[in-house]
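In case you want the letters, here they are:
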Amino acid sequence: MKPMKKLTALGLSACAGPGGASSHSAPRQDFTSVPPGAGSTQEGAPAQAMRYRSMWFSYLEWPMLDTSSAEAFTASVDTVLDHCVSLGLNCITVQVRPFADATYESGLFPWSHVVTGTQGQAPGFDPLEIFIARAHEKGLAFEAWVNPYRVRLNETRPPNVAENSLENTHPEWVKQAAGGAYLEPSNPDVQAYICKGVEEIVKNYAVDGIQFDDYFYPFNVNSTDVTLDQAAYQQSGSTLSIGAWRTQNINSLVSSVYKMIKETKPNVVFGISPQGNITNDLNAGADVYTWCSQPGYIDYICPQIYWTYDHPTAPFETLAKKWKSLVTADNVKMYIGLALYKAGTDSNGWEKADNIIAQQIQTTRSLDCDGFMLYSWAYLDNPQTAKEMANVKKLLNG
């Protein structure tokens with residue numbers, strides 16, 4: 001097995017605490033222009049433009065990989081990536097920090113249980129380094145998907161907590177909410193630590209992008225019944241409502257991460273994939289209106305619009321148009337997350353056709369969106385989605 005590589009020392013200046021939006025946009029390449037055969041945006045200018053086409057690979061799919069050795073892991077990763085290439089994708093977005101842990105060698109977070117089965121247990125090689133290298137070899141860009149705040153989803157995810165979990169090393173940072181445990185967004189030390197965690201990835205790995213998902217506050221930010229951060233709110237002296245104050249905490253982290261990335265490796269992009277329901281996003285403190293309309297927060301937005309065209313309350317095309325109208329900031333791209341996992345099911349309109357995903361991809365094009373993402377890899381080669389995938393392949397490779 002290959003010896004573990006030495007981690008780059010992390011400076012504190014870029015992530016010293018909460019800050020405002022960057023006052024300028026650093027020069028960067030257009031990440032939507034990912035040419036076939038050139039996965040890494042850090043290795044030269046793209047020769048041919050192609051709309052962004054990515055696949056999510058979640059923590060639920062990590063156990064499908066063979067982590068018994070570096071060689072076995074490489075072989076299983078090659079299978080994952082070959083399926084993406086055969087579909088005509090040009091990027092893979094891999095969850096690398098699901099529970100304040102890491103699927104890579106980290107000086108800040110314990111090894112994730114999704115790698116070895118036990119949080120804190122090292123596999124003896126660096127899975128992320130292999131994943132990125134193989135993706136680039138096959139012409140795919142690689143995004144690292146981070147859940148910024150979640151420590152535990154519930155009592156079984158993760159099934160155990162490592163000794164060096166933040167729940168043990170910094171219990172004052174962790175709050176219990178919604179049956180799980182989450183880092184407290186208002187704490188400046190928490191914000192700086194999350195930012196340093198992203199910096200660690202950006203400095204030590206040849207990632208093409210960082211993505212945050214849709215987990216922010218695990219409760220309605222406007223609720224005055226939730227008291228876990230009431231003391232911090234009162235001590236802040238803020239004149240904002242508690243909902244606006246909580247939202248400001250999220251914005252502070254987002255802008256700090258964006259600024260750090262642009263100062264560290266300007267060609268690495270930073271995007272967020274919020275829920276498709278805008279009201280739910282705002283209630284979670286995800287200020288999508290600001291992110292999409294002001295510079296200094298994100299390079300792209302990718303709402304998860306996981307419904308069919310005729311859904312009674314969330315019709316796909318109506319929502320897609322609404323989201324497209326929000327994106328007014330220069331250089332902010334608009335992608336749409338598509339629910340491949342729902343294809344072939346027998347409810348909520350998905351049973352009415354076997355070409356819904358292909359139609360939705362066509363809609364992203366007609367609306368002049370910059371690309372799409374599919375959730376998730378486990379449904380790419382799956383009997384449930386076989387008919388849908390045949391139509392998607394025909395569209396993308398035809």
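Please refer to the structure placed before this passage.
1. Points about the packing of helix α1 (residues 70–87) against helix α3 (residues 127–137)
- Interhelical geometry of α1 versus α3 gives an angle of 40° and a closest axis separation of 10 Å. In terms of orientation, α1 lies oblique with respect to α3. Regarding α1 and α3, the two cross each other, and that crossing is right-handed. Of α3, the residues touching α1 (which contributes A70, F73, T74, V77, D78, V80 and L81) are P127, I130, F131, R134 and A135.
- Residue composition of the contact of α1 with α3, grouped by class: nine nonpolar, one polar and two charged.

2. A few points about the nonpolar core
- Ranked by size, the top nonpolar core spans 123 residues in total, and within it I92, F131, F142, I210, F212, F270 and W291 carry the most contacts.
- Not counting the four nearest positions on each side in its chain, F131 is found in contact with F57, W62, L65, F73, V77, V80, L81, I92, V94 and F142.

3. Some details on the pairing of strand β6 (residues 180–183)
- Side chains G180 and Y182 of β6 all project onto a buried face; the interleaved residues A181 and L183 project onto the opposite face, where all are buried too.
- In terms of strand pairing, strand β5 (residues 174–177) meets β6 through four bridges, oriented antiparallel. For Q176, the partnering residue across the bridge sits in β6 and is A181.
- The turn linking β5 back onto β6 is made up of two residues, and A178 within it adopts a positive phi angle of 55°.

4. Some words on the side chain of Q191
- In this structure, Q191 sits in helix α5 (residues 188–204).
- We classify Q191 as buried; its relative accessible area is 4%.
- A distance of 2.9 Å separates a polar atom in the side chain of Q191 from a polar atom in the side chain of S252.

Criteria and cut-off values
- Residues numbered from 1 in each chain as written.
- Predicted model: local features only at pLDDT ≥ 70, side-chain atom pairs only at ≥ 80, totals over all residues.
- Heavy atoms only, no water.
- Axes fitted to C-alpha atoms, helices over the stretch in contact; angles between N-to-C directions.
- Helix = DSSP H or I, 4+ residues; strand = E, 2+ residues; numbered from the N terminus.
- Parallel < 35°, antiparallel > 145°, perpendicular 65-115°, else oblique.
- Left-handed = near helix turned anticlockwise from the far one by under 90°.
- Contact = heavy atoms within 4.5 Å.
- Nonpolar A, V, L, I, M, F, W, Y, C, P; charged D, E, K, R; others polar.
- Core = buried A, V, L, I, M, F, W, Y, C linked by side-chain atoms within 4.5 Å.
- Buried < 20%, exposed > 50% of the residue type's maximum accessible area, 1.4 Å probe, protein only.
- Pairing = 2+ DSSP bridges.
- Polar contact = N/O pair within 3.5 Å; in protein donor to acceptor, adjacent residues only side chain to side chain.

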